[in-house]
Amino acid sequence: MLAGLTVASAVTIYLIVPERTAVPGGAIAAGLKEVYADPRFWRVAPLSASCIGTAWALQGLWAAQWLKDVEGLDRASVVFHLFAMAAALSLGAILLGVATDRLRRRGVGPEVLLGLVAAVFIATQFALILRLPLPSYLQWAVVAAVGAATVLSFATLAEYFPKQLAGRANGALNLFHIAAAFVVQYATGVVLQYWTPQAGHYPEIAYRTAFALNLALQVVAWIWFVSPRVSADSRQMRASAM
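For every chain, the first residue of the written sequence is number 1, and numbering continues from 1 along that sequence. At least 70 in pLDDT is required for a residue's local features to be given in this predicted model, at least 80 for side-chain atom pairs to be given and counted, and no such filter applies to totals for whole chains, interfaces and linings, which use all residues. The basis for every side-chain value is the complete set of heavy atoms in the structure, and neither hydrogens nor water enter the calculation.

### As for the pattern of salt bridges
Opposite charge on two side chains permits them to pair, given that their charged atoms come into close proximity.
Then comes step 1: Should a side-chain nitrogen of Lys or Arg be within 4 Å of a carboxyl oxygen of Asp or Glu, the pair is scored as a salt bridge. Tallied over the entire structure, the rule returns seven salt bridges.
Then comes step 2: Between arginine 43 and glutamate 111 there is a salt bridge; the shortest N-O distance is 2.9 Å. With arginine 43 in helix α3 (residues 39-69) and glutamate 111 in helix α5 (residues 110-130), the pair connects residues that are 68 residues apart, well separated along the chain.
Then comes step 3: Arginine 43 sits in the buried class, given a relative accessible area of 6%.
Then comes step 4: Among the residues examined, glutamate 111 registers a relative accessible area of 18% and is labelled buried.
Then comes step 5: Of the charged contacts, one joins glutamate 159 and arginine 104 as a salt bridge, the two residues approaching to 3.2 Å between their closest N and O atoms. Strands here mean DSSP runs of E at least two residues long; helices mean DSSP runs of H or I at least four residues long; both are numbered from the N terminus. Exposure classes here rest on a 1.4 Å probe applied to the protein chains alone. A residue is buried below 20% of its type maximum, exposed above 50%, and partly exposed in between.

Laid out in structure tokens, this is it:
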């Protein structure tokens, strides 16, 4: 069924979507250079990549391992947690998109919501690491929902750059998201290997150490994002563009 839907989508695109106008390679390179040279991009990229990349890495690999080794859950409970995370990711994309649209009408940009979501994500990871007595489903649902925060960072860059550069800016940022997810998945495994597994399970301190090291980077990125100096530079760039 999925194969049939894929073929139908491909045929629809082929028949309906107009041919794109060829863009000279030099123009593409110049556009990417303009994106990477903009300080506003480097204000958003570290926070967006570290938080969203971590959410993807945890949901894709390390959430299940944590639930088995640290929480001591059986396979059925782990699967149900992962199902709840998948639902939270889908719901998070819808809710964050709606919230962005409504807040924009009230004069609040998506970057404000991005900073708030990142702060909630950081606090949730602190709660996990410290093993605070909070519902496990709630904590991991928050982790999964943050994986949909791309709608916030993409909307933020769309406000920073003109329409002809917005796609390249978001593509450049998404490269950071994917790279961060890979690095977090790999680096977490490297840290865990400093401990000897017991009965096929790594000890709790191994996971807490790996998660804490990654969390420290997110805290630094969040401080950079909300830094008054960086924010002032972004506002100045936006004013000059207008």
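Following the structure, the description resumes.
### Focus: the packing of aromatic side chains
Then comes step 1: Put simply, two rings from Phe, Tyr or Trp (the six-membered ring, in Trp's case) pair if the centres are within 6.5 Å, and we call them stacked under 30 degrees between planes, edge-to-face over 60, tilted for the rest. Enumeration according to the criterion identifies 13 aromatic pairs in this entry.
Then comes step 2: Judged by centre distance (5.5 Å) and plane angle (90°), the rings of tyrosine 36 and phenylalanine 41 are edge-to-face.
Then comes step 3: Judged by its relative accessible area of 31%, tyrosine 36 is partly exposed.
Then comes step 4: Put simply, the rings of Trp62, Trp66, Trp140, Tyr207 and Phe211 pair up and form one aromatic cluster.
Then comes step 5: Looking at arginine 40, its charged tip hangs above the ring of phenylalanine 161, at a distance of 5.6 Å from the centre. Counting as a charge over the ring demands two things of the Lys NZ or Arg CZ atom: a distance within 6 Å of the ring centre and an angle within 35 degrees of the ring normal.

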